[in-house]
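The chain contents come next:
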Amino acid sequence: LKEAREAYEGGYAVFVDARDSDFFKMGHIPGAVNLPVKDFDGVFPTLKEHLLAAPRIITYCDGANCETSVELTEKLLFAGLDYVEIFTGGIQQWKAAGLPLVSTGN
């Protein structure tokens with residue numbers, strides 16, 4: 001959480017939410033992009049240039065019991081991005097710490 005928060009506050013990482021878009025819309029880390037694992041092949045091409053330009057990428061999902069951020073990280077590494085990290089605490093730890101969230105729909 002400490003490293004993720006520092007990256008967020010310093011603005012030197014792109015956060016990538018691995019959850020389905022419905023969960024993303026209900027609440028996500030401000031500035032995060034949504035790249036659902038199940039839609040990787042369709043969504044990744046639209047985000048590729050943005051992610052390639054990022055100094056650091058941090059994936060996350062729901063929390064410690066969620067494996068989609070791990071799966072997404074593997075896909076991103078396989079796609080040639082080698083500066084990808086996982087925020088294992090996910091949205092649950094972020095929310096519990098009182099850090100900002102934004103929602104973008106119902």
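Quick notes on the rules
- Residues numbered from 1 in each chain as written.
- Predicted model: local features only at pLDDT ≥ 70, side-chain atom pairs only at ≥ 80, totals over all residues.
- Heavy atoms only, no water.
- Core = buried A, V, L, I, M, F, W, Y, C linked by side-chain atoms within 4.5 Å.
- Buried < 20%, exposed > 50% of the residue type's maximum accessible area, 1.4 Å probe, protein only.
- Helix = DSSP H or I, 4+ residues; strand = E, 2+ residues; numbered from the N terminus.
- Contact = heavy atoms within 4.5 Å.
- Disulfide = S-S within 2.5 Å.

A. Structural detail: the nonpolar core. Grouped together as the largest cluster of nonpolar side chains are 18 residues, with contacts concentrated most on Val16, Leu35, Leu51, Ile57, Leu72 and Leu76. Counting residues per element, the ones that place at least two in this core are strand S1 (14-17), helix H3 (40-53) and helix H4 (68-78). The greatest single-element share of this core, amounting to four residues, is contributed by H3. For leucine 76, the contacting residues outside a window of four places in its chain are Leu35, Phe40, Phe44, Leu51, Ile57, Thr59, Leu81 and Val84.

B. Main features of the state of the cysteines. This model, assessed by the stated rule, comprises one disulfide. For cysteine 61, the disulfide goes to cysteine 66, at an S-S distance of 2.5 Å. Because the sign of the S-S torsion sets the handedness, a value of about -140° for the bond joining cysteine 61 and cysteine 66 places this disulfide among the left-handed ones. As far as the burial class goes, cysteine 61 and cysteine 66 line up, both buried.

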